Amino acid sequence: MKKSNELETQLKIKDQQLVNKEAQLKDKNDENNALINKENKLKEDLKKITEEKNNLQEKTQKEISDIKEKLEKQKQELANQDRKLKEKEEAISTLEKENDKSKAELEKEKKKSKDVINENKQLDQKLKEATEKVKELEETINKTNETPKTDFPRLNRNTAHRRLILSQDDREARTSALAQNVPDNPERYNTAIAVLGINGYDSGKQYWEVGVAGRNCYAVGVAKESAQRKGILKYGPQSGYWVLLRKRDGQHVIIADNPVVLNLPDTPVIGVLVDFNGKVITFYDAERRQVIYKFSGNEFQGKLYPYIEACSDSSINDPPLIFKEVQSTKWLQ
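Residues numbered from 1 in each chain as written. Predicted model: local features only at pLDDT ≥ 70, side-chain atom pairs only at ≥ 80, totals over all residues. Heavy atoms only, no water.

Here we take up the overall build of the protein. Helix and strand counts for the protein stand at one helix and 14 strands. Taken over the C-alpha trace, the protein has a radius of gyration of 69 Å; the compact-globule value for 333 residues is 20 Å, which it surpasses by more than 25%. C-alpha atoms of the protein, sized along the principal axes, occupy 230 × 50 × 35 Å. Taking all 333 residues of the protein together, 31% fall into the buried category. Sequence-distant contacts in the protein: of pairs separated by 6 or more residues, those separated by 24 or more amount to 65%. (Helix = DSSP H or I, 4+ residues; strand = E, 2+ residues; numbered from the N terminus. Rg over C-alpha atoms; globule rule 2.2 N^0.38 Å. Buried < 20%, exposed > 50% of the residue type's maximum accessible area, 1.4 Å probe, protein only. Contact = heavy atoms within 4.5 Å.)

With that out of the way, let us pick up the layout of surface pockets. The computed volume of the second largest pocket comes to approximately 220 Å³. Forming the boundary of the second largest pocket are 14 residues, of which Ala-192, Tyr-235, Glu-309, Ala-310 and Ser-312 lie nearest the centre. Elements that contribute at least two residues to the lining of the second largest pocket include exactly strand 6 (218–224) and strand 13 (304–310). Looking at the lining of the second largest pocket, its residues break down into eleven nonpolar, two polar and one charged. (1 Å grid on protein atoms, 1.4 Å probe; cavity = no way out; pocket = protein on both sides within 12 Å on 5 of 7 lines; lining within 4 Å. Points joined across faces, edges and corners; volume = space filled by probe spheres on them. Nonpolar A, V, L, I, M, F, W, Y, C, P; charged D, E, K, R; others polar.)

This brings us to the sheet that holds strand 6. Across the sheet, which stays open at both edges, the six strands sit in the order 4-13-6-7-8-9 with antiparallel pairing between neighbours. Each end of this open sheet is capped by a strand with a single partner; those strands are strand 4 (193–196) and strand 9 (260–262). Across this sheet, the average inter-strand angle for adjacent strands is 20 degrees, counted without regard to direction. Here strand 6 pairs with strand 13 via seven bridges, running antiparallel. (Pairing = 2+ DSSP bridges. Axes fitted to C-alpha atoms, helices over the stretch in contact; angles between N-to-C directions.)

In this section: the environment of Lys-3. Structurally, the position occupied by Lys-3 is in helix 1 (residues 2–144). For the pair Lys-3 and Ser-296, spaced 293 residues apart in the sequence, the C-alpha separation amounts to 192 Å.

This part is about unusual backbone geometry. If a residue is not glycine, its phi is most likely negative; likewise, a peptide bond is most likely trans. Positive phi values are uncommon outside glycine, yet Asp-170 reaches one of about 60 degrees. Within the fold, Asp-170 resides in the loop between strand 2 (164–166) and strand 3 (172–175). Of note, the phi angle at Lys-279 is positive, near 55 degrees, even though the residue is not glycine. Locating Lys-279 in the fold gives a position in the loop between strand 10 (269–275) and strand 11 (280–285). Residue classification places Lys-279 among the partly exposed residues on the basis of a relative accessible area of 36%.

Before going further, it helps to examine the packing of aromatic side chains. Taken as a whole and judged by the stated rule, the model has twelve aromatic pairs. Their ring planes at 65 degrees and their centres at 5.3 Å tell us that Phe-276 and Phe-300 sit as a pair that is edge-to-face. In this pair, Phe-276 is assigned in the loop between strand 10 and strand 11 and Phe-300 in the loop between strand 12 (290–295) and strand 13, connecting sequence segments 24 residues apart. Exposure class is identical for Phe-276 and Phe-300. Each is buried. Relative to Phe-295, the ring of Phe-283 has its centre 6.0 Å away and its plane inclined at 65 degrees; by these criteria the two rings are edge-to-face. Taken together, the residues span a long stretch of sequence, with Phe-283 in strand 11 and Phe-295 in strand 12 at a distance of twelve residues. Residues Phe-283 and Phe-295 agree in their burial class; the two are buried. (Phe/Tyr/Trp six-rings, centres within 6.5 Å; stacked < 30°, edge-to-face > 60°.)

Next up on the list: the state of the cysteines. For the structure shown, the criterion picks out one disulfide. One disulfide bridge connects Cys-217 with Cys-311, the sulfur atoms lying 1.4 Å from each other. Looking down the S-S bond of the Cys-217 and Cys-311 bridge, the torsion is -75 degrees, so its handedness is left-handed. Linking Cys-217 in the loop between strand 5 (205–211) and strand 6 with Cys-311 in the loop between strand 13 and strand 14 (321–324), this pair joins segments that are 94 residues apart in sequence. (Disulfide = S-S within 2.5 Å.)

Along the chain, Gln-74 turns up in helix 1. You can call Gln-74 partly exposed: its relative accessible area is 40%. Along the primary structure Gln-74 and Asp-30 are separated by 44 residues, whereas in three dimensions their C-alpha atoms are 62 Å apart.

Next up, the structure:
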């Protein structure tokens, strides 16, 4: 009996264990079902994901294919652009070379043009200079051909030596044995028996004549306004005197810086021409209408005056030195 109870007890325990196991089995079965459901859901999800993946891969492949196709087109377009760019670069290079050539030719033309302009300027300058020279030459010719102005000078009493007696019209000078009582002013000659014309000249051509008939000693010519008047005079252009001297021995001498003895017969009238344009003073034998002597290359500064002088040993019986009225100048050279 006891053993039967033990068996019953054991049987109850086994039943209980079986119930527990069944409960456990049910739980496991529920878990398995849940896992199966989960697995099925996961499979469905996986299937969806796989489908989405496949769709995405197809889409991606298509996009990649489109991109590759687009890239290929772009490569072709880029190649075409590179080719066109190269062609343009070649065209630009050709144009640049042509441009450089054109620039070089243009520079040559500019240089030629500049040279021509310079030559034209030089020609214009030369033409201007030539025109000025022609004008100067014409003026010189006109001045050279200018008709001399004739003067009928009068003598300046304020310059006359005390032994010179002047006529009432101041055109004749005669030697006196006695000195006159006149003031010794700065412009008066006090040693040379000389006198100046009252009018001075500083331009153009001036011509006058001095009558010397019957005189065996005299000096006639031209004097600067600034020439020495006091004391013994020194003649010559450097001293401001252009003088023809007749000595008592009949010798005629031009008083240049070095005296020039002339082979000249006596003449009753001495002509004097002052040419400011040509810077020349010319002495003439007015009776024979011949040149006696020319002072050339003179530098005239200030006014020039007619000059006459009697020798210191002149007699009161000697004829006067006379300014004569000029009849004609057409013959002057």
